[in-house]
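Working through the structure, step by step
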Amino acid sequence: MFLCSEHSEDLPCWPGAEADTVDPLTLSCGAALDYRSTEQVLQSHAVLWLTPVTGVESATCADGWPEALHRAHRVLALRLEEAGGEGETLNSLTMMLGMAVEYAAEGDLYQAMVPLGYGETLSRNL
């Protein structure tokens, strides 16, 4: 994974982080190029925020990622309902996970990673 220089220096322990030093490629702050497989990225999301926030573990889902994402979305939707639909972060996170569920149901786990990336950022505010 290549990160902008500032973030690469801030994340020295992040596995695979490498500073963008190749010209003419210059990444803007916050941009990242990720060359990991779809499975590796999904597993990273599970470890970093999806399982801690929802309690859903992909390894326990017979249908794999589509089922895991669907279960996690149900957990967040129930949590949002219990909160009376209030909470901007929880609402946004539920919406992002819902988008990931739709992509996964269509068999496009690669595209599901996009809303999961936003979800990772949102989950830090819960």
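Here the structure is a predicted model, which means the values were calculated and not measured.

**Here's the deal with the overall build of the protein chain**
Helices and strands together make up the secondary structure of the protein chain, namely five helices and three strands. Listing each helix as α and each strand as β along the protein chain from the N terminus yields β-α-β-β-α-α-α-α. When burial is assessed residue by residue, the protein chain has 32% of its 126 residues classed as buried. Taking the contacts inside the protein chain whose residues are at least 6 apart along the sequence as the reference set, 46% of them involve residues at least 24 apart.

**Notes on the pattern of salt bridges**
When the charged atoms of two side chains with opposite charge come close together, those side chains can pair. Within the structure shown, the criterion is met by two salt bridges. Two residues, Arg71 and Glu67, come together in a salt bridge whose shortest N-O distance is 2.5 Å. Note that Arg71 and Glu67 are positioned in helix α3 (residues 65–82) at a spacing of four residues, about one turn of the helix. Judged by its relative accessible area of 29%, Arg71 falls in the partly exposed class. Measuring nitrogen to oxygen at the nearest pair gives 3.6 Å for the salt bridge that ties Arg124 to Glu120. Arg124 gets classed as exposed once you look at its relative accessible area, which sits at 65%. Residue classification places Glu120 among the buried positions, given a relative accessible area of 16%.

**Some remarks on the side chain of Glu67**
When its relative accessible area of 19% is taken as the criterion, Glu67 is described as buried. Among all residues touching Glu67, those that are not within four sequence positions of it are Cys61 and Ala62.

**Description of helix α4 (residues 88–105)**
Helix length check: α4, at 18 residues, gives a terminal C-alpha distance of 26 Å against a target of 26 Å (1.5 Å per residue), a fit within 8%. Within the sequence span of α4, burial applies to Leu90, Leu93, Thr94, Met96, Leu97, Gly98, Ala100, Val101 and Ala104. Lining the buried residues of α4 we find α2 (38–54), α3 and α5 (109–123). Phi for Gly107, located one or two positions after α4, is positive at around 85°.

**Digging into the side chain of Thr54**
For Thr54, the location among the structural elements is in helix α2. Its relative accessible area of 10% is what places Thr54 among the buried residues. Here Leu50 takes part through its backbone oxygen, which lies 2.6 Å from a polar atom of the side chain of Thr54. The residues contacting Thr54, other than those within four sequence positions of it, are Ala72, Val75 and Leu76.

Parameters and conventions
Residues numbered from 1 in each chain as written. Predicted model: local features only at pLDDT ≥ 70, side-chain atom pairs only at ≥ 80, totals over all residues. Heavy atoms only, no water. Helix = DSSP H or I, 4+ residues; strand = E, 2+ residues; numbered from the N terminus. Buried < 20%, exposed > 50% of the residue type's maximum accessible area, 1.4 Å probe, protein only. Contact = heavy atoms within 4.5 Å. Salt bridge = Lys/Arg side-chain N within 4 Å of Asp/Glu carboxyl O. Expected span 1.5 Å × (residues − 1). Polar contact = N/O pair within 3.5 Å; in protein donor to acceptor, adjacent residues only side chain to side chain.

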